Amino acid sequence: MLFNSVQFFIFFPIVTFLYFVSSQKVRTFILIIASCLFYIMFIPKYLLVILLLVVIDYWAGLFIFNAKNNKRKYFLIISIVTNLSILCFFKYFDFLSINLFKVTDYLHVTYLIPSYLRQLIVSIENQNILLPLGISFHTFQSMSYTIEVYRKRIKPEKNIFIYALYVLFYPQLVAGPIERPYNLLPQLHKKQTFDSERITSGLRLMLWGFFKKMVVADRLAALVNPIYNVPSKFDSTTLVIATYFFAFQIYADFSGYTDIARGAARVMGFKLMLNFNLPYIATSIKDFWKRWHISLSTWFRDYLYIPLGGSKVARWKWLIIVMIVFSLSGLWHGSSGKYLIWGAYNGLLILLSVLVGKFIDLIKLRILANNWYIKIIQIIIIFNLVSLGWIFFRARTLFDAVLIIKKIFIHPEFNFDRIIHFSTIPSSSPILNFGIDSLEILISLIAIIILITVETLVYRFGLRKMFTERSLLFRWAVYYAIILFIIFFAAYESYQFIYFQF
Amino acid sequence: MIKKYFIKGFIFIIIILIPLYFIDNSFANLPSSYKIKKDCLENNNSQVEVIVMGNSHANNGIATSSLSEISCNMANSSQGIYYDYQLVTKYIDHLPNLKLIIAELSYFSLETDLDSGQENFRRYFYKKYFDITDTLNTPLDIRKYSFIAAYTPREIRNYLLFVIPAMGPIDKTGWYPLTKGPAIKIEVMGKYRAEYHTGLMNPKYIEKNKIYLDKLIETAEARNIKVVLITAPVTKSYWQNVDPKKYKTMIDIIQTISKKYEVPYYNYFKDSRFVTEDFADYSDHLDSKNALRFTNILQQDFINKNIK
C-alpha cells in the first residue's frame with residue numbers, strides 16, 4: 001500500500017481508531033494484522049519471507065542470550081548469514097550469477113562451475129523473481145536486533161508478537177527508518193495514551209510529508225524521468241537542470257516518506273528515529289552523511305565501520321575501511337555497478353575531504369571556517385559534489401551515467417539561451433513534448449523554495465514551537481493552505497517512493 | 001478528551017470538504033471536449049449520419065461541421081481503439097440514421113493503449129461522461145470519483161483563476177480546429193513527434209487493438225452501417241522519421257482487416273497535397289484551414305459514395 005493512495009486514507013484512520021479503542025494486549029495484534037495487510041497490498045507471498053525472518057531472528061536472539069562463550073557467536077553468525085542469504089538471493093542473485101559467468105568465461109575457467117550448478121543458476125534466473133519490497137530495510141533492522149542482543153546492550157524479546165511487530169511495524173516496514181531495538185522495542189511494550197497534542201503533531205508531520213512527496217517529488221519526477229530515461233537525446237544544459245532537480249526530488253521523496261512514516265507512528269505514540277536533518281546545508285561530505293539517511297549511515301557506522309576498526313587503526317587501513325563501508329552502502333541500494341560506483345564515489349569524497357582538511361590546517365585557514373560566506377561556499381560545493389554522485393544513482397545504467405558525465409564535462413554543449421527560454425520554446429524543445437510548460441516549471445521551483453524555507457525555519461529557528469503557540473484559527477488556516485496547495489499543485493500520477501525498490 | 005478531539009477533527013474536515021465538494025461538482029459542467037462530443041451525439045441522435053472515431057489526428061483534422069451530412073466528431077486526443085469501440089457500442093443503437101463510421105488509424109494506433117500510456121488520465125473522463133470503464137482494475141483510484149483529481153492541476157487552476165475551459169474552441173459537432181503555432185524549427189518538428197510516437201509504441205498492444213477493431217467493424221456491419229478506415233496526413237519530416245518496420249506492420253494489419261471485412265481503407269499518410277505549412281504544429285496536426293480541405297477530400301473520396 002502506498003502512503004499517497006486512497007487505500008491508505010481509508011486504512012490509516014481505521015487502524016488508528018481500532019488501536020486507541022483496544023486494550024494494550026489487543027493493540028499489538030491490531031498493529032501486526034494491519035502491518036501484514038499493508039504489506040500484502042504489494043506482493044502477498046513475500047509476507048512469508050518476512051515472517052520466516054521474524055521466527056529465525058526471534059529464536060536467534062533467545063539462543064544468543066542463553067548460550068555460553070563461543071556458542072553465542074555461532075548463533076549470531078547463523079542469524080546474520082540467514083538474513084544476508086535471503087537478502088542476497090532476492091537482491092543480488094542475478095548480479096552475482098551474471099558476473100560469475102562473465103568472469104569464468106573471461107578467464108576460460110568455466111569448468112569451475114559444474115554443469116548442474118550452471119543449469120540450476122540459469123533456471124533460477126529464468127524465474128524472474130521479484131524483489132520483496134523493503135527487504136533491505138527489514139533485514140538490516142532484524143540484524144541490528146541480534147547484534148545488539150549479542151553485544152548485551154539489550155535483552156532478547158520474549159514475546160514473539162512484540163518482536164514480530166518490531167520487524168513488521170507498518171509505518172517503517174518498506175522504507176525505514178531502520179530502527180534500533182533499544183529504541184523501538186521498549187515503546188512497543190509501553191501503553192500509549194491518547195495525547196491530542198502528540199496526535200496533532202503526528203498528523204502535521206504527515207501533512208508535510210505528503211506535500212514533499214506529492215507536490216515537490218512527483219512534480220520533479222515528471223521533469224526528471226523523461227530526461228534520464230533517454231539522456232542521449234538531451235543537451236548538457238538540460239542534463240544539468242535534470243540532475244539538480246533530481247537532487248531535490250530524491251530528498252523530497254525519501255524524506256517525505258520518512259515524515260509520513262514518523263508522523264503515522266507518532267499519532268499512535270511511537271517515536272521513530274530522525275532520518276534526515278537538512279542534508280543540503282551540510283558544509284562537508286562527512287556532515288552530509290550525518291544528515292542524510294541517518295538510520296542507514298549510523299547502521300553502517302555501528303555494525304560495520306566501528307567493528308572493522310573505525311578511525312582507531314593505521315591510516316592506510318582506515319582508507320580501506322572507509323572505501324569498503326561506502327561501497328557496501330552503495331550496493332545496499334541495488335545490485336548494479338552504478339550503485340557500487342556511487343558508494344565508492346562517496347567514500348572517495350570522504351578521503352579527499354580529510355586531505356583537504358589537512359591542507360587547510362597546514363595553511364592555517366581553519367579560522368575562516370566560521371565566516372558565513374565561507375559556510376555558504378562550502379554548502380554550494382558539497383551540494384554540487386553530492387549532485388554529481390546522484391547522476392550514478394539516478395541513471396538507468398552505468399553506461400547512461402557515463403554518457404551523462406561525458407556530455408556535461410567532456411563534451412559540454414551548454415546552451416544558456418535554452419535556460420532563458422527553457423519553457424517558452426514550443427515543442428521544438430524536447431522537454432515540452434511531455435506536456436510541461438513554463439508555469440509547471442515555475443510551480444516546481446516555488447515548491448522547492450517553500451520546502452527549503454520551511455525546513456530551515458523549523459530545524460534552525462524553532463518555527464514549530466512558534467507555530468504551535470499561535471491561535472487555532474491561524475494554525476487551521478495554515479493547514480488548509482497546505483491541503484489546498486497539495487490538491488491544486490500535486491502531480492496526481494502517483495509515483496512509487498524511490499526507496500521502495502531497495 | 002477523545003470525543004472532543006474527534007469533534008474538532010470532524011469540524012476541520014467538514015470545513016474543507018464542503019467547498020471542495022462544490023468545486024468538484026462545478027467541474028462536472030465544464031465544457032470539456034468529452035462533454036461537447038457527448039452532447040453532439042445525444043442531442044442529435046435521431047439525425048446523425050456520420051461519426052468520426054480516432055485520436056487527435058481525426059479530432060483536429062476532420063471538420064465534421066463542414067460535412068454535408070449531420071455528423072459528430074467523436075475522436076479525441078490519444079483516444080485508443082478500445083475507446084472507439086466502446087463509444088460505438090454504447091451509441092450505435094441510439095443512432096437510427098447512422099450510415100457511416102470513419103475510423104482514423106494513425107501510425108501509432110495499433111501499438112499504443114490509452115490506459116497504459118502517458119495520457120492515461122483521460123480514461124477517467126470516459127468513465128465520468130460515458131460510463132466506459134477502463135481496462136485496468138483500480139476501483140480505489142480517486143480520479144474515478146473526483147473531477148478535481150481527474151483534471152490535471154493545471155486545468156483546475158486555469159478554470160478557478162481565469163475560468164478557462166479545459167479544452168480549446170471545439171465546435172458543436174466535436175471538431176477541434178487548430179490555429180498555427182509559432183514557426184520554430186519547422187524542419188525538425190515532424191522528426192520530434194515521430195520519434196516521440198515511436199517511443200510510445202509497443203507491439204504487445206497489437207493483438208488487443210486488432211480485437212477491438214474487429215469488434216467495431218462487426219458491430220457496425222451487423223446493423224448495415226458502413227465503416228471506412230483512414231490514416232490522416234502528416235508532414236514529410238514526420239513520415240520520413242517513423243520506424244519503417246512499425247509502419248509496414250501497421251499497413252499490413254489494416255489491409256488484412258480491410259480485406260477480411262471488405263471495408264475500404266484510404267491512406268493519406270504521405271499525401272503530397274499537404275505540405276509542412278498546412279499543419280498547425282508543423283508535424284502531424286492539420287490546422288483548421290487545411291482540416292476543412294482534408295474533410296472536403298474525404299467527402300469526395302468516399303463520404304458521398306457511402307451516404308447516397
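For the structure, check the block above.
Summary of the structure given here. (Residues numbered from 1 in each chain as written. Chains lettered and ligands numbered in written order. Predicted model: local features only at pLDDT ≥ 70, side-chain atom pairs only at ≥ 80, totals over all residues. Heavy atoms only, no water.)

**Some remarks on a nonpolar patch on the surface**
All names here are of chain B. A cluster of nonpolar side chains, Ile7, Phe10, Ile11, Ile14, Ile15, Ile18, Tyr21 and Phe22, forms an exposed patch at the surface whose accessible area comes to about 790 Å². Position of Ile18 among the secondary structure elements: in helix α1 (residues 2-28). Residue Ile18 is classed as partly exposed on the basis of its relative accessible area, which comes to 44%. (Patch = residues over 30% accessible without salt bridge, like charges linked within 9 Å, V, L, I, M, F, W, Y side chains within 5 Å. Areas by Shrake-Rupley, 256 points an atom, 1.4 Å probe, with all protein chains shown as cover. Salt bridge = Lys/Arg side-chain N within 4 Å of Asp/Glu carboxyl O. Helix = DSSP H or I, 4+ residues; strand = E, 2+ residues; numbered from the N terminus. Buried < 20%, exposed > 50% of the residue type's maximum accessible area, 1.4 Å probe, protein only.)

**Focus on the pairing of strand β1 (residues 50-53) of chain B**
For a regular strand, the rule is simple: side chains alternate between the two faces of the sheet. Residues and elements named next belong to chain B. Of the two faces of β1, the one carrying Val50 and Val52 and the one carrying Ile51 and Met53 are both buried. In this sheet, strand β2 (residues 71-73) lies alongside β1 in parallel orientation, the contact comprising 3 bridges. Bridge pairing links Val50 to Ser71 in β2. Taken together, β1, helix α3 (residues 56-61) and β2 constitute a β-α-β crossover, and its handedness is right-handed. (Pairing = 2+ DSSP bridges. Right-handed = clockwise from strand over helix to strand, strands pointing away.)

**Some details on the sheet that holds strand β3 (residues 100-104) of chain B**
All names here are of chain B. Taken together, the 5 strands give an open sheet; going across it, the order is β2-β1-β3-β4-β5, and neighbouring strands pair in parallel fashion. Two strands lie at the open edges of the sheet, namely β2 and β5 (265-267), each paired on one side alone. The mean angle between the axes of side-by-side strands here comes to 15°, regardless of whether they run parallel or antiparallel. Lying over the sheet, helix α11 (residues 244-261) contacts β4 (226-231) and β5, oriented at roughly 155° with respect to β5. (Axes fitted to C-alpha atoms, helices over the stretch in contact; angles between N-to-C directions. Contact = heavy atoms within 4.5 Å.)

**What to know about the pattern of salt bridges**
A full pass over the atoms with the stated rule returns 24 salt bridges over all chains. For B:Lys38, the salt bridge identified is with B:Glu42, shortest N-O distance 3.7 Å. Placement of the pair is B:Lys38 and B:Glu42 together in helix α2 (residues 33-43), with a separation of 4 residues, close to one helical turn. Each of A:Arg180, A:Arg301 and A:Asp302 takes part in a single network of salt bridges with overlapping partners.

**Some details on helix α13 (residues 315-332) of chain A**
For α13(A), with 18 residues, the first-to-last C-alpha span of 26 Å sits near the 26 Å given by 1.5 Å per residue. Along α13(A), the residues that are buried comprise A:Trp318, A:Ile321, A:Val322, A:Val325, A:Phe326, A:Ser327, A:Ser329, A:Gly330, A:Leu331 and A:Trp332. (Expected span 1.5 Å × (residues − 1).)

**Description of the environment of A:Leu484**
You can see A:Leu484 is positioned in helix α20 (residues 472-489). In the structure, A:Leu484 is positioned 416 residues away from A:Lys68 in sequence and 61 Å away in space, judged by C-alpha atoms. Filtering out sequence-adjacent residues up to four positions away, A:Leu484 remains in contact with B:Ile16 and B:Leu20.

**Quick notes on the environment of B:Asp24**
Residue and element names in this part refer to chain B. Structurally, Asp24 can be placed in helix α1. Given a relative accessible area of 11%, Asp24 falls into the buried group. Spatially, the C-alpha atoms of Asp24 and Ser106 are 35 Å apart, while their sequence positions differ by 82 residues.

**Focus: the nonpolar core**
One broad rule of soluble globular proteins: the nonpolar side chains tend to lie buried together. Formed by 208 residues in total, the largest nonpolar core has its most connected members in A:Phe8, A:Tyr280, A:Phe288, A:Trp390, B:Ile101 and B:Leu229. Broken down by element, the residue count for this core peaks at 17 residues, all from helix α10 (residues 236-267) of chain A. Those residues within four positions of A:Phe288 in sequence are excluded, and the remaining contacts are A:Pro279, A:Tyr280, A:Ala282, A:Ile382, A:Val386 and A:Trp390. Counting residues in hydrophobic clusters, the runner-up holds 24 residues, among them B:Ala75, B:Tyr268, B:Ala291 and B:Phe294. (Core = buried A, V, L, I, M, F, W, Y, C linked by side-chain atoms within 4.5 Å.)

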